[in-house]
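Close look at the chain arrangement
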Protein chains: 2
Amino acid sequence: MTIPNIASYIDYTLLKPAATARDIDALCKTAARAGFAAVCVNGIWVERATEALHDTTVSVATVVGFPLGADPVAVKVAETEDLVRRGADEIDMVISIGHLVAGDIDYVANEVRNVVHAAKGHVVKTILETAALDNVQIEAGVRAARAGGAQFVKTSTGFHPKGGATREVVALLSKFAGPAIGVKASGGIKDLETARHMIAAGATRIGTSTDLTEFGS
Amino acid sequence: MTIPNIASYIDYTLLKPAATARDIDALCKTAARAGFAAVCVNGIWVERATEALHDTTVSVATVVGFPLGADPVAVKVAETEDLVRRGADEIDMVISIGHLVAGDIDYVANEVRNVVHAAKGHVVKTILETAALDNVQIEAGVRAARAGGAQFVKTSTGFHPKGGATREVVALLSKFAGPAIGVKASGGIKDLETARHMIAAGATRIGTSTDLTEFGS
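An account of the accompanying structure is given in this report. Computed from a predicted structure; not experimentally measured.

1. Some points on the environment of A:Gly178
Residue and element names in this part refer to chain A. Examined against the element boundaries, Gly-178 turns out to sit in the loop between helix 7 (167-177) and strand 7 (182-186). Judged by relative accessible area, Gly-178 falls into the partly exposed class, the value being 27%. Between the alpha carbons of Gly-178 and Gly-202 there is a distance of 9.9 Å; along the sequence they are 24 residues apart.

This is the structure we're talking about:
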């Protein structure tokens with residue numbers, strides 16, 4: 001499968017806790033040169049990334065409730081408001097995995113709705129952490145994300161010991177999501193070949209932290 | 001080494017993102033029966049744990065900026081305020097590891113100071129994530145924690161791929177901390193023998209998620 005302009009699918013990601021300002025600058029430089037969709041950085045770096053990318057087409061995505069998703073709704077809302085104020089264009093939030101596992105879909109839909117409201121029109125991606133879920137839970141998670149008004153469902157944080165995106169799970173998300181919302185594949189995507197497979201399976205955005213200039217070609 | 005009443009050292013911990021209300025209830029029940037110092041749970045479960053433990057001596061500890069530590073200070077402050085309002089007795093906060101690695105000790109001391117202020121007199125433990133640090137950075141981290149007014153330094157989140165507490169690092173923390181503040185050893189402590197070694201090395205609190213009723217003896 002040939003993907004025209006694959007760079008436009010890429011959220012170029014650096015979420016390691018020991019990342020420094022210098023690492024963030026390098027990330028932004030690569031993203032700008034390659035014409036990636038976005039960088040994805042921790043909240044502490046949003047202002048720096050926004051400044052570095054202000055005259056480019058690269059968006060700044062950041063994370064909320066990351067990577068455990070186990071903050072109260074009010075905390076996720078306060079975090080979202082703060083990060084949007086700092087210039088974040090996109091919010092990748094982790095849902096409450098425990099509530100989804102326990103079948104409390106209303107709880108999850110409600111927290112998504114509150115974060116979407118706090119994001120004031122900016123793109124919200126809901127991270128389901130699919131490695132922790134069975135297929136019934138994944139379908140319920142997509143339902144909650146749609147009910148809450150999110151623009152994307154996203155497979156993984158990249159921090160779960162059981163791994164990240166698979167082609168199968170991306171295809172499943174794509175089926176449940178329908179054409180209404182996007183699908184972001186993330187976690188363990190380390191080469192162009194894998195990225196292409198994810199897009200073929202239905203991904204409309206790819207998260208990767210691998211420094212592959214080939215994504216820019 | 002014999003440790004009298006080792007139970008009083010234990011922060012009985014459940015931070016897995018897929019934990020459910022039922023898991024939290026079981027955690028609290030065990031902690032109450034054993035007479036542990038505290039349970040340590042994600043923010044979403046603070047109210048439930050506080051209610052379950054209200055007529056016991058077990059404190060409720062929770063986490064801030066966890067486990068990456070890469071939230072802006074304002075977000076850590078808002079999170080702390082929210083969790084104290086929900087009933088948290090103790091706040092285990094992760095410092096900005098990237099700033100510590102880059103040598104910006106003032107930044108770290110300032111965020112600790114702000115969280116300590118937001119905690120309104122409740123115990124604050126600063127998690128350094130020592131597996132990501134060299135000894136010079138660890139000493140600087142302890143200095144920042146002390147300057148910021150924290151009551152404890154704590155080794156690890158338990159989520160870092162390079163591991164958690166070691167006897168060597170606990171001894172080092174204990175040396176740098178002096179008698180002024182406590183040392184919490186956490187991450188990978190799975191048996192009573194290891195807990196005893198940590199206490200001998202200078203730990204005054206032990207975080208463990210292993211269900212060991214032997215800790216209660």
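Moving on, there is more to tell.
2. Description of the relation of the copies chain A and chain B
What relates the two chain copies is a rotation about an axis together with a slide along it. Between the two copies, chain A and chain B, the superposition gives an RMSD of 0.0 Å; the rotation angle is 180 degrees and the shift along the axis is 0.0 Å. Here the symmetry operator amounts to a two-fold rotation axis. Looking at the rotation axis and the C-alpha trace of chain A, the residue lying nearest is A:Ala78, at 3.5 Å. With an isologous cut-off of 70% or more, the 100% of interface residues of chain A that recur at the interface of chain B puts this contact in the isologous class.

3. Digging into the interface of chain A and chain B
It is common to give the size of an interface as the accessible area lost on bringing the parts into contact. Of the residues lining the interface, 30 residues belong to chain A; the matching set on chain B comes to 31 residues. Surface buried jointly by chain A and chain B totals about 2400 Å² across both partners, of which 75% is contributed by carbon and sulfur atoms. On the chain A side of the contact with chain B, A:Pro17, A:Ile44 and A:Leu68 bury the most area, a combined 27% of that side's loss. Here chain A is connected to chain B by zero salt bridges. Summed over the shared surface of chain A and chain B, the number is six residue pairs in polar contact (both at pLDDT 80 or more). Elements that contribute at least two residues to the side of chain A that touches chain B include exactly helix 3 (73-85) and helix 4 (97-101) of chain A. In terms of residue count, the dominant contributor to the side of chain A that touches chain B is helix 3 of chain A (six residues). Of the residues in the side of chain A that touches chain B, the class split is 20 nonpolar, six polar and four charged.

4. Remarks on the sheet that holds strand 8 (residues 205-208) of chain A
Around the barrel, which closes on itself, the eight strands sit in the order 1-2-3-4-5-6-7-8 (chain A) with parallel pairing between neighbours. On average, adjacent strands in this sheet sit at an angle of 25 degrees to one another, irrespective of strand direction.

5. Looking at unusual backbone geometry
Across the junction of A:Phe66 and A:Pro67, the peptide omega takes the value 0 degrees, indicating a cis bond. Within the fold, A:Pro67 resides in the loop between strand 3 (59-64) and helix 3. Of note in this structure, A:Glu129 is not a glycine but carries a positive phi near 55 degrees. Residue placement: A:Glu129 occurs in the loop between strand 5 (123-127) and helix 6 (135-148). Residue classification places A:Glu129 among the buried residues on the basis of a relative accessible area of 2%. Positioned with a positive phi, B:Lys120 is a non-glycine residue whose angle comes to about 50 degrees. Checked against the element boundaries, B:Lys120 lands in the loop between helix 5 (105-118) and strand 5 (123-127). A residue is classified by how much of its surface remains accessible, and B:Lys120, at 63% relative accessible area, is exposed.

6. Side note on the nonpolar core
Among the nonpolar cores identified, the biggest contains 79 residues, and A:Val39, A:Val41, A:Ile91, A:Val170 and A:Ile206 are the most heavily contacted of them. Apart from residues lying up to four places away in sequence, A:Ile91 is in contact with A:Thr62, A:Val64, A:Thr80, A:Leu83, A:Val84, A:Val115, A:Ala119, A:Val123, A:Val124 and A:Lys125. Grouped together as the second largest cluster of nonpolar side chains are 75 residues, A:Leu68, B:Leu27, B:Ala49 and B:Ala203 included.

7. Digging into the side chain of A:Glu79
Position of A:Glu79 relative to the elements: it lies in helix 3. Despite its burial, A:Glu79 pairs with no opposite charge, the nearest such side chain being A:Lys76 at 8.0 Å. Ignoring any residue separated from it by four or fewer positions in sequence, one finds A:Glu79 in contact with A:Val63, A:Val64, A:Gly65, A:Asp71, B:Asp71 and B:Val75.

8. Some thoughts on the packing of helix 6 of chain A against helix 7 of chain A
Residues and elements named next belong to chain A. Interhelical geometry of helix 6 versus helix 7 gives an angle of 45 degrees and a closest axis separation of 9 Å. Relative to helix 7, the element helix 6 is oriented oblique. Relative to helix 7, the crossing made by helix 6 is right-handed. Counting all contacts with helix 6, which are made through Asn-135, Ile-138, Glu-139, Val-142 and Arg-146, the residues of helix 7 involved are Val-169, Leu-172, Leu-173, Phe-176 and Ala-177. For the contact of helix 6 with helix 7, the residue count by class is seven nonpolar, one polar and two charged.

Conventions we followed
Residues numbered from 1 in each chain as written. Chains lettered and ligands numbered in written order. Predicted model: local features only at pLDDT ≥ 70, side-chain atom pairs only at ≥ 80, totals over all residues. Heavy atoms only, no water. Helix = DSSP H or I, 4+ residues; strand = E, 2+ residues; numbered from the N terminus. Buried < 20%, exposed > 50% of the residue type's maximum accessible area, 1.4 Å probe, protein only. Least-squares fit on C-alpha atoms with pLDDT ≥ 70 in both. Contact = heavy atoms within 4.5 Å. Buried area = accessible area lost by both parts, 1.4 Å probe. Salt bridge = Lys/Arg side-chain N within 4 Å of Asp/Glu carboxyl O. Polar contact = N/O pair within 3.5 Å; in protein donor to acceptor, adjacent residues only side chain to side chain. Nonpolar A, V, L, I, M, F, W, Y, C, P; charged D, E, K, R; others polar. Pairing = 2+ DSSP bridges. Axes fitted to C-alpha atoms, helices over the stretch in contact; angles between N-to-C directions. Core = buried A, V, L, I, M, F, W, Y, C linked by side-chain atoms within 4.5 Å. Lys, Arg positive; Asp, Glu negative; His and termini not counted. Parallel < 35°, antiparallel > 145°, perpendicular 65-115°, else oblique. Left-handed = near helix turned anticlockwise from the far one by under 90°.

The values reported here are purely geometric and, on their own, carry no functional implication.
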